[in-house]
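# Structural description and commentary
The lines below spell out each chain.
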Amino acid sequence: MDSLQIRLCSQSESRASILRNAGISFVQSPVDFDEEQIIADSPKNFVYQATLGKFEAAKKSYDYRDMPLLVSDTVVTSQDRILRKANSLEEAREILQTQSGSVTSIVTCMIYKSEKLELLDISSTDYLFDTFDTDELEAYLHSGEWKGKAGGCMVEGFCKPYIREVKGYESCAMGLSVEVLKTFITLR
């Protein structure tokens, strides 16, 4: 990319890594928004509300005319359930067992706002997982690496060896649909 610099309003290291790997210059400036207040009837509605809430928080703190704003949120769903971040080892086990041998969809919403463009995108990536090995699942659970992760895992981590099929962009599953962003970002 050229000298354009954007403000990533997220504390996610995965999103920062996606932007770095895509050659997009950015400043990381997290914003606070309480997702627990969201009431949604579908994963797309949930992730849209979460992203919009973060975007409104970002607009209160930063001016998109000084530097374009980028906010994003991701939700994991499997077997008609939204799989949030687990609060306990037992909850993480149940969330991961829901995904074992099933299709898991990762839905990501992003809003990019500059002086010339406001982009809203909702993308989805579907993973068909093989059945998780019980011993490997227990070792992963006891490692604590599931903490703070929607759906209890990252597709580039524990779940990677169990991926049988993928439909969609890996960047979407990691939290930011950079392929979509790069298509529009040159419009600034």
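Thresholds, definitions, all that
- Residues numbered from 1 in each chain as written.
- Predicted model: local features only at pLDDT ≥ 70, side-chain atom pairs only at ≥ 80, totals over all residues.
- Heavy atoms only, no water.
- Core = buried A, V, L, I, M, F, W, Y, C linked by side-chain atoms within 4.5 Å.
- Buried < 20%, exposed > 50% of the residue type's maximum accessible area, 1.4 Å probe, protein only.
- Helix = DSSP H or I, 4+ residues; strand = E, 2+ residues; numbered from the N terminus.
- Contact = heavy atoms within 4.5 Å.
- Arc of directions from axis to C-beta.
- Polar contact = N/O pair within 3.5 Å; in protein donor to acceptor, adjacent residues only side chain to side chain.
- Phe/Tyr/Trp six-rings, centres within 6.5 Å; stacked < 30°, edge-to-face > 60°.
- Patch = residues over 30% accessible without salt bridge, like charges linked within 9 Å, V, L, I, M, F, W, Y side chains within 5 Å.
- Areas by Shrake-Rupley, 256 points an atom, 1.4 Å probe, with all protein chains shown as cover.
- Salt bridge = Lys/Arg side-chain N within 4 Å of Asp/Glu carboxyl O.
- 1 Å grid on protein atoms, 1.4 Å probe; cavity = no way out; pocket = protein on both sides within 12 Å on 5 of 7 lines; lining within 4 Å.
- Points joined across faces, edges and corners; volume = space filled by probe spheres on them.
- Nonpolar A, V, L, I, M, F, W, Y, C, P; charged D, E, K, R; others polar.

## Remarks on the nonpolar core
Counting residues in each nonpolar core, the largest one holds 20 residues, and the members touching the most others are Leu96, Phe129, Phe132 and Phe158. Where this core is concerned, the elements lending two or more residues are α3 (89-99), β6 (118-129) and α4 (134-143). Filtering out sequence-adjacent residues up to four positions away, Phe132 remains in contact with Leu96, Gln99, Ser100, Phe158, Cys159 and Tyr162. The next biggest cluster of nonpolar side chains, apart from the first, holds 19 residues, and it includes Ile6, Leu19, Leu70 and Leu119.

## Structural notes on the environment of Cys9
Looking at the secondary structure, you find Cys9 in the loop between β1 (5-8) and α1 (13-21). For Cys9, the residues in contact, after removing those within four places along its chain, are Ser29, Pro30, Val31, Ala58, Tyr62, Leu69, Leu70 and Val71.

## Considering α4
Among all positions in α4, only Leu137, Tyr140 and Leu141 are buried. All buried residues of α4 project into a common sector of 100° when viewed along the axis, lining one side. In α4, the exposed positions that point more than 90 degrees away from the buried face belong to Asp135 and His142. The N-cap of α4, judged by a side-chain oxygen 3.1 Å from the amide nitrogen of Asp135 a few residues on, is Asp133.

## Looking at the packing of aromatic side chains
On inspection of all chains with the given rule, the structure shows six aromatic pairs. Ring centres 5.2 Å apart and planes at 75° place the aromatic pair Phe132 and Phe158 in the edge-to-face group. Of the two residues, Phe132 is situated in the loop between β6 and α4 and Phe158 in the loop between α4 and β7 (163-167); the sequence distance between them amounts to 26 residues. Per residue, the accessibility class of Phe132 equals that of Phe158, and both read buried.

## Some details on a nonpolar patch on the surface
On the surface, Tyr48, Leu120 and Ile122 cluster together into a nonpolar patch covering about 250 Å² of accessible area. For Ile122, the location among the structural elements is in strand β6.

## Description of the layout of surface pockets
By volume, the largest pocket amounts to about 1000 Å³. What lines the largest pocket is a set of 41 residues, among which Arg15, Lys85, Gly148, Lys149 and Ala150 lie closest to the centre. Secondary-structure elements contributing two or more residues to the lining of the largest pocket are α1, α2 (43-61), β3 (69-78), α3 and β5 (103-113). Ranked by residue count, the leading element in the lining of the largest pocket is β3, at four residues. For the lining of the largest pocket, the class distribution of residues is 17 nonpolar, eleven polar and 13 charged.

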